[in-house]
There are 2 protein chains.
Amino acid sequence: MHPHITGRTRLYGLVGDPLTAAKSPQLLNQIFIEQRADAVCVPFWVKAEDLSAFVAGARALRNLSGLLVTMPHKQRMLDYVDELHPTASRVGALNVIRCEEDGRWVGAIFDGVGCVLGMQWEGNHPANKSVLLVGAGGAGRAIAFAVAAAGARTLTLSDVDEQRAADLAKSVAAETGCITHSGPPDPHGFEVVINATPLGMNANDAMPVNPERLAPGTIVVDIINAPEPTQLRRAAHARGCRTQDGGPMHEGQAVHALRFLGFDYRPAGRSAPDDGVLFAPATNASR
Amino acid sequence: MHPHITGRTRLYGLVGDPLTAAKSPQLLNQIFIEQRADAVCVPFWVKAEDLSAFVAGARALRNLSGLLVTMPHKQRMLDYVDELHPTASRVGALNVIRCEEDGRWVGAIFDGVGCVLGMQWEGNHPANKSVLLVGAGGAGRAIAFAVAAAGARTLTLSDVDEQRAADLAKSVAAETGCITHSGPPDPHGFEVVINATPLGMNANDAMPVNPERLAPGTIVVDIINAPEPTQLRRAAHARGCRTQDGGPMHEGQAVHALRFLGFDYRPAGRSAPDDGVLFAPATNASR
């Protein structure tokens, strides 16, 4: 069941390469039907080398209302939007673009606030907690700013590239006021441990932290969204930790991205996000 | 009810301005559902001045399989395709583009053969008949070649621009071998009279031919597709002529255009088109 498409229907596109495993057209179209929106989401399969031509053509579409952006375009697309939401300028990537009626494109990425929303839904909100975040790449950057802004008591960042972790800690502290350090990936003494590295995507990856240093009751969040629990989650669970996989973060970022596009999406049994943190006017975002 | 859209779904677009009254997305999507094709047709609202940028972007879409082209792009789009079907090179316009797997775009227009198919469905096939065709513009050009190729005994072309009618008659005769003349719009003595002018679109238009010169039993085809019969059709009907409106031609061109795109479409109660005439290899069409 999908939206009824006429000459007046508004377009949303998912742009990336490959798109064979994409799920977002299904999600958006379901929401359009439920909310009786005259809109449809379709895949735009575009190779990296064709991005510039694609953007020129997409800007010629008077009925294009938004784009979801996936690999390999999440960084390069920054150069093609007119305005960046703070989420995107902090992370250095975007995954959603809102096409305004006046033709301006505004880019954003909600991985960080989506992670916090997912933690809140699972009863694992980081407010007033000591947090170790391992991995200072794209996802790690997004989560660092969001966890700090959500009121973590302290935030410790760890990365194999120590300088990258230190630089990010400085930026997060300056922007949020959260007490932020960088250090080794030792989970001992933290109330919350978040894996934002790719370790665990493959079955024989090393674990991002040593599970023997986890205390019972520690909240262990692994953003890897796999059908099977990662080795880290299994080990943490065995030690009596609370664990959370990548699913709630994925749902959380979808809630925020859809709200940014003007649609109210609420996964079954989930509460609405807190508007205050995220949707302050993006006055500093103009480029 | 519309096609189930995933990351693998093939795209068809209707490109034009405006698109508010367009019906073709509904028709195509209905066919895609019936034939279980993993495809969807969406509107691409593009202004005349943006056509070049649109084409650059559309060519970057690896999952674009075809375009339907409507006003104001039907002539200018000729410059953007790689190959023209003979239907399009004769008429100097196109309204459908097939995007081949190797990236080549092939343009065509099926108004002429669609008109003949519509006449055949209605029992008004022009084979072996004397035909007067009034109007040598875009639609008239298309119909002239198709009626001649379909075996009209003679074809007389009439236009307010007498030179345009004479030039077209010469081209049609040279290409089809049909005995083709140009002359005044006097329907006296013809077995078939076709109006391919816009006269009749507005209620107080003059009639394209003098109905008092129509003999009972003459076939009168008015390609104007309006809810109400045109003044010509009413007058012809009153004189005992067989009349036909623009509907069968519209259905007929849709059948041919969809077949060109690879889909078998048959309106209720209609027979299949004769492949022989139209779908000979388009070897002379390369540009």
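No experiment lies behind these values; they were computed from the predicted model shown. The written sequence of each chain sets the order in which its residues are numbered from 1. Throughout, the order in which chains and ligands are written sets their labels, letters from A for the former and numbers from 1 for the latter. Given that the model is predicted, a residue must reach a pLDDT of at least 70 before its local features are reported, and side-chain atom pairs must reach 80 or more before they are shown or counted; all residues, however, enter totals for whole chains, interfaces and linings. The side-chain values count all of the structure's non-hydrogen atoms but skip hydrogen atoms and water molecules.

**Quick notes on the relation of the copies chain B and chain A**
- With an axial shift of 0.0 Å and an RMSD of 0.1 Å, the rotation relating chain B to chain A amounts to 180°. Such values leave the two copies arranged in the relation of a two-fold axis. Identified as the residue of chain B closest to the rotation axis by C-alpha distance is Gly 57 of chain B, at 1.9 Å. A least-squares superposition brings the copies together, and it is based on the C-alpha atoms of residues with pLDDT no lower than 70 in both.

**A closer look at the sheet that holds strand E12 (residues 242-244) of chain B**
Residue and element names in this part refer to chain B.
- With parallel pairing, the 6 strands of this open sheet are ordered in space as E9-E8-E7-E10-E11-E12. Sheet topology places strand E9 (179-182) and E12 at the edges, where each strand pairs with a single neighbour. Recorded for the sheet is a direction-independent mean angle of 15° between the axes of neighbouring strands.
- By the convention used here, strands pair only if DSSP detects at least 2 bridges between them. Starting at the N terminus, helices and strands are each numbered in turn, a helix being any DSSP run of H or I of at least four residues and a strand any DSSP run of E of at least two. Looking at chain direction, strand E11 (residues 219-222) and E12 are connected through 3 bridges and run parallel. From the neighbouring strand, Ile 219 faces E12, where its bridge partner is Arg 242. Lines are fitted to the C-alpha atoms to define the axes, a helix being fitted only along its stretch in contact, and any angle between axes, read from their N-to-C directions, falls within 0 to 180 degrees.

**Quick notes on the sheet that holds strand E9 (residues 179-182) of chain A**
All names here are of chain A.
- Pairing is parallel across the open sheet formed by 6 strands, whose spatial order is E9-E8-E7-E10-E11-E12. Taken across any chain shown, the strands that pair with only one partner, and hence form the sheet edges, are E9 and strand E12 (242-244). With strand direction ignored, the average angle separating the axes of adjacent strands in the sheet is 15°.
- Pairing analysis gives 4 bridges linking strand E8 (residues 154-158) to E9, with the strands arranged parallel. Paired with Thr 156 across the bridge in E9 is His 181.
- Strands E8 and E9 of the sheet are contacted by helix H6 (residues 162-176), whose axis makes an angle of about 175° with E9. Note on definitions: a residue-residue contact is assigned when non-hydrogen atoms from the two residues lie within 4.5 Å.

**Regarding helix H1 (residues 24-34) of chain A**
Residues and elements named next belong to chain A.
- The complete set of buried residues in H1 reads Pro 25, Leu 28, Asn 29, Ile 31 and Phe 32. Summarising the axial view, the buried residues of H1 lie within an arc of 160°, below the 170-degree limit, and thus occupy one face.
- Those residues of H1 hidden inside the fold are in contact with strand E1 (10-16), strand E2 (39-45), strand E3 (64-69) and helix H8 (247-260).
- Just downstream of H1, Arg 36 is the residue with a positive phi angle, here 50°. Buried means the residue's accessible area, taken with a 1.4 Å probe over protein chains only, is under 20% of the maximum for its type, while exposed means over 50%, and partly exposed covers the values in between. Directions are taken from the helix axis to each C-beta atom, and the arc is the one they span.

**A look at the domain arrangement of chain A**
- Segmentation into domains, and thus their bounds, comes from an automatic or database assignment. Taken domain by domain, chain A comprises domain 1 (10-109) and domain 2 (112-248).
- A separation of 28 Å is found between the C-alpha centroids of domain 1 of chain A and domain 2 of chain A.

**Considering unusual backbone geometry**
Residues and elements named next belong to chain A.
- Between Asp 17 and the following residue, Pro 18, the backbone shows a cis peptide bond with an omega angle of 0°.
- The residue Pro 18 is located in the loop between E1 and H1 in this model.
- Backbone geometry places Arg 36, a non-glycine residue, at a positive phi of 50°.

**Notes on the pairing of strand E10 (residues 192-195) of chain A**
All names here are of chain A.
- Here E10 shows no split at all, with Val 192 and Ile 194 on one side and Val 193 and Asn 195 on the other all buried.
- Pairing between strand E7 (residues 130-134) and E10: 4 bridges, direction parallel. What sits directly across from Leu 133, in E10, is Ile 194.
- Relative to strand E11 (residues 219-222), E10 runs parallel, the two being bridged by 4 bridges. Bridging across to E11, Val 193 finds its partner in Val 220.

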